[in-house]
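# Structural overview
Spelled out, the chains give:
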Amino acid sequence: MNVKDIQTIQHDVLVIGAGGAGLRAAIECATRGLDTGVVTKSLLGKAHTVMAEGGMAAALGYADARDNWKFHFRDSMRGGKFKNQWRMAELHAQQAPDRVKELEEWGAVFDRTKEGLIAQRNFGGHRFPRLAHVGDRTGLELIRTLQDKAVHSGVAVHAECTALDLLKDGDRIAGLVAYWKDTGRFVILRAKAVILCTGGGGKAWQVTSNSWEYTGDGYAMAYEAGAELLDMEFAQFHPTGMVWPPSVRGILVTEGVRGDGGILLNSKRERFMFRYTPEKFAKETADTEGEANRWLAGDKQARRPPELLTRDVVARAIAAEIKEGRGSPHGGVYLDIASRVDAEKIRKKLPSMYHQFMELAELDITKEPMEVAPTLHYFMGGVRVDHDTQMSNVPGLFAAGEAAGGFNGANRLGGNSLSDLLVFGRLAGIGAADYARGTQEPALDEAQVQRIVERARTPLMRESGENPFVLHEELQAVMQRNVGIVRQREEMEQALREIDRLRERAATAKAHATSQYNAGWHEALDLRSLLLTSEAVTRAALMREESRGGHARLDFEGERDEWLKKDIVIRKARDGSMGLSAVERPAPPPELAKIANASIEDLEAGRV
Amino acid sequence: MSDPRDYRFRVWRGDSAGGDFAEYTVSASPQMVVLDCLHEIQRRQANDLAIRWNCKAGKCGSCSVEINGKPRLACMTRMNALPDGNDITVQPLKTFPVVKDLVTDVSWNYRQNKRITPLQPKPREADGTYRMMQEDVDRIQEFRKCIECFLCQDVCHVLRDQDRQDAFVGPRFMIRLAGLEMHPLDTADRIPAIRAEFGSGLCNITRCCTEVCPEHINITDNAIIPLKERVVDRYYDPVTRLLRVFSGAGK
């Protein structure tokens, strides 16, 4: 194929991904006067952000006037088991309220308090009710608002356009090669800066809340372009995914159910979470049902119920109950809101959960408990970026949202993702705009384009080969079995051997028919990202010999101080193999350490 | 859970040049949804089958198709909700041009959204907040539940049978317009455009759009009729008309 025959589109800044982070970044670049394009694998407004339910965390202080950024920062650090990049957690907590208010100015209609302000709900790990929300469809509100803002800000949206690989001019970014799904034709998108907002890689597991898009494209493209990945061992299992019927296994049940009063029960109808409160959280968690009930009734002196501990803790507790034989008939535990909250309020605050269970499981959540079990939900790790500009070690390559690593540390708090998208999407937009202004137009290397296109065409040219859908299923089984919620060395080593074998077979995957809107071809191309993401998670998890947040080791229980001081950084080695290093973390800024370690009393009294 | 059984599917295969139904047999349990079966066909029998989908939970509105002739989300249509014993027919949305198989070109809808004047908010209050009472936003929150599945656009007679894409934006964008017109913070006036450019008069209130909405938005009664009333109040109310003649305002 002659490169000159391939369509070329030029922008100053190109954003990959049209979820919350991608759209927020694109809006920022466009309003700063840059020619900005967005490529998205799906139609506009369908990105994974649309599935976010419970809300976006921001210390607005409307629901409880005691709240401020310092509490939010402290909560995020404690939830992330102090593995968070300090500066990112600081920026997030400080800027989240302005990002929420800005959305309101752009047309978002949040649920209101009695005073007419933005209402905020309780969520796990958050000291105060902090999540701005719209029932349980907050993600839809966020994406629709950003979508409308973006198209009216002059952002060019290239929908159903899938990125294949990044282009470079020497060390720096020069754009990317993609294909149009509707025609199967290739397109070169040239840009001075590229922002990866490609989300995570949950589709490497069987039981996941993630949609098909979550194949780890951003991690793979960044890695191949020489960027570093950080914290890949920290994958979050959300405690409550649907388990029944089988075709919906893994679909998310919002934490808002517990935030609004829902409780977890085992098959003996025991409220088991009281037995799983970690020592570090014991002082701030209710230890009797009476106290937990008083909290739900609004008693500000009562401590929070243990169902609202952080996701890593709740997910492991549920997994333990099931493993020890106290699970529900379909292999979950019970999540009960029917006996706690009246039916009308459930339908008002959790309409899409009501709808989802009624339509898909024929179950009325206002009358019966739900069956739930952990589901792979989120990657805390991702592209390693500068904390203020979001630029990676590759000049001109930026990342934000789930595609970037660092802010969430070892475990993300619910509700922090939506505000993460907005805060770091905007910062990445500013970073990329500044960078693009100060750089010359990069040159196009036709040989790189040729290589990318050839690789992509190979599955279509084969006479025979493996079914890419089957290979994907086999990878999901490997990851589910060996790199799950609790890990150990032998299983992860086994996973690495199987990933190697699958990679060899993936090199022979065949796509039938033509390249026009061909699901089999798309699947064959996604395998590279899925395999690379799986390998990165597994290798990092093998290296980290401790249990912290979303990363739990049966053979290395408990947090280890020596590992708190280390970041695991992944980078492609010169020989093409995956290189890992444990990099020493700098000491935390003293002011921030003081806030993160302060007692609630000192923070409330303003002594810190 | 009931045992799996065989279902016979007739799935439209083809592209803009034409096509026909292909038959597939799928083993599935009755609690599964049509999208599960289409995926099964894709995985084992026709790798290149084109389906558009994302969330598989009724939240993104991507997998809109016509199942047994009715516009529906494939991910929310359970097998045991379909009539027993018959073949299940799946075909692309009729109102929009086919790209391939079950995927249609819905880009016309995105172009309509660009034509709509976005929110023009009034200034914030002195303390930097906006105050809106819940009861004042309830009705626009109903419109904002829209997942842009475009099933209402597919079933709308003006778009589907009369091909008047040139004159009417369709139910999806009537609720978008209603959501802006009824927004407590908004200061823009879209009534002239709703009448002249967006074609509010073309809807003849058959309520087909409301019937197919998977989010159960009362499109006709809560959005389209109130917008029609606002247009009538502005342009056809005799008192208002007289005032407009004297003041020299309007078209």
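Cut-offs applied
- Residues numbered from 1 in each chain as written.
- Chains lettered and ligands numbered in written order.
- Predicted model: local features only at pLDDT ≥ 70, side-chain atom pairs only at ≥ 80, totals over all residues.
- Contact = placed C-beta atoms within 7 Å.
- Helix = DSSP H or I, 4+ residues; strand = E, 2+ residues; numbered from the N terminus.
- Nonpolar A, V, L, I, M, F, W, Y, C, P; charged D, E, K, R; others polar.
- Domains from an automatic or database assignment.
- Pairing = 2+ DSSP bridges.
- Axes fitted to C-alpha atoms, helices over the stretch in contact; angles between N-to-C directions.
- Parallel < 35°, antiparallel > 145°, perpendicular 65-115°, else oblique.

### Re the interface of chain B and chain A
Facing 44 residues of chain B, the contacting portion of chain A comprises 44 residues. Secondary structure elements with two or more residues in the side of chain B that touches chain A: α1 (34-44), β6 (98-100), α2 (107-115) and α3 (134-143) of chain B. In terms of residues, the side of chain B that touches chain A owes the most to one element, α3 of chain B, which gives 4 residues. Here the residues of the side of chain B that touches chain A are counted per class, giving 22 nonpolar, 11 polar and 11 charged.

### What about the environment of Asn 210 of chain A?
Residues and elements named next belong to chain A. Tracing the backbone shows Asn 210 in the loop between β11 (193-196) and α5 (217-224). Counting along the chain gives 155 residues from Asn 210 to Gly 55, while the straight-line C-alpha distance between them is 17 Å. For Asn 210, the residues in contact, after removing those within four places along its chain, are His 48, Gly 200, Gly 202 and Lys 203.

### Quick notes on the domain arrangement of chain B
Residues and elements named next belong to chain B. As assigned here, chain B comprises domain 1 (5-104) and domain 2 (107-247). Computed from C-alpha coordinates alone, the two centres of domain 1 and domain 2 are separated by 31 Å. On the side of domain 2, 13 residues touch domain 1, which itself brings 12 residues to the contact. Tallied by class, residues from the side of domain 1 that touches domain 2 come to 6 nonpolar, 4 polar and 2 charged.

### With respect to the sheet that holds β11 of chain A
Residues and elements named next belong to chain A. Pairing in this open sheet of 5 strands is parallel, and the strands run β7-β3-β2-β11-β18 from one edge to the other. Each end of this open sheet is capped by a strand with a single partner; those strands are β7 (156-158) and β18 (397-399). Neighbour-to-neighbour, the strand axes of this sheet turn through a mean angle of 20°, independent of strand direction. Note that strand β2 (residues 13-16) and strand β3 (residues 36-39) share 4 bridges and pair parallel.

### Regarding the pairing of strand β1 (residues 5-15) of chain B
All names here are of chain B. Bridge count between β1 and strand β2 (residues 18-28): 11 bridges; the pairing is antiparallel. Looking across to β2, one finds that Trp 12 is bridged to Phe 21. The antiparallel pairing of β1 with β2 creates a hairpin that spans 2 residues between the two strands.

### Digging into the domain arrangement of chain A
Residue and element names in this part refer to chain A. Its domain assignment divides chain A into domain 1 (3-236 + 377-445), domain 2 (238-375) and domain 3 (447-584). In this structure, domain 1 and domain 3 have C-alpha centres spaced 22 Å apart. Contacts between domain 1 and domain 3 engage 47 residues on the former and 42 residues on the latter. Of all the secondary-structure elements, those providing two or more residues to the side of domain 1 that touches domain 3 are β8 (161-169), β9 (172-180), β10 (186-190), α5, β12 (229-230) and β13 (235-242). With 5 residues, α5 is the largest single contributor of residues to the side of domain 1 that touches domain 3. When the residues that make up the side of domain 1 that touches domain 3 are grouped by side-chain class, the tally is 22 nonpolar, 12 polar and 13 charged.

### As for the packing of helix α14 (residues 468-482) of chain A against helix α15 (residues 489-506) of chain A
Residues and elements named next belong to chain A. Closest axis-to-axis distance for the α14/α15 pair is 9 Å, and the angle between their directions is 170°. Comparing their axes, α15 and α14 come out roughly antiparallel. Each of Leu 471, Glu 474, Leu 475, Val 478, Met 479 and Asn 482 in α14 lies in contact with α15, whose residues at this interface are Glu 491, Met 492, Gln 494, Ala 495, Glu 498, Ile 499, Leu 502, Arg 505 and Ala 506. Partitioned by chemical class, the residues of the contact of α14 with α15 number 9 nonpolar, 2 polar and 4 charged.

### Some points on the sheet that holds strand β15 (residues 333-336) of chain A
The strands making up a sheet associate through backbone hydrogen bonding, with each pair oriented either parallel or antiparallel. Residue and element names in this part refer to chain A. The 4 strands lie next to each other as β13-β16-β15-β14, forming an open sheet whose pairing is antiparallel. The strands lining the two open edges of the sheet, one partner per strand, are β13 and β14 (263-265). Adjacent strand axes in the sheet meet at a mean angle of 45°, parallel and antiparallel pairs treated alike. Examined bridge by bridge, β15 and strand β16 (residues 370-379) share 3 bridges and lie antiparallel to one another. Within β16, the residue paired with Leu 335 across the bridge is Met 370.

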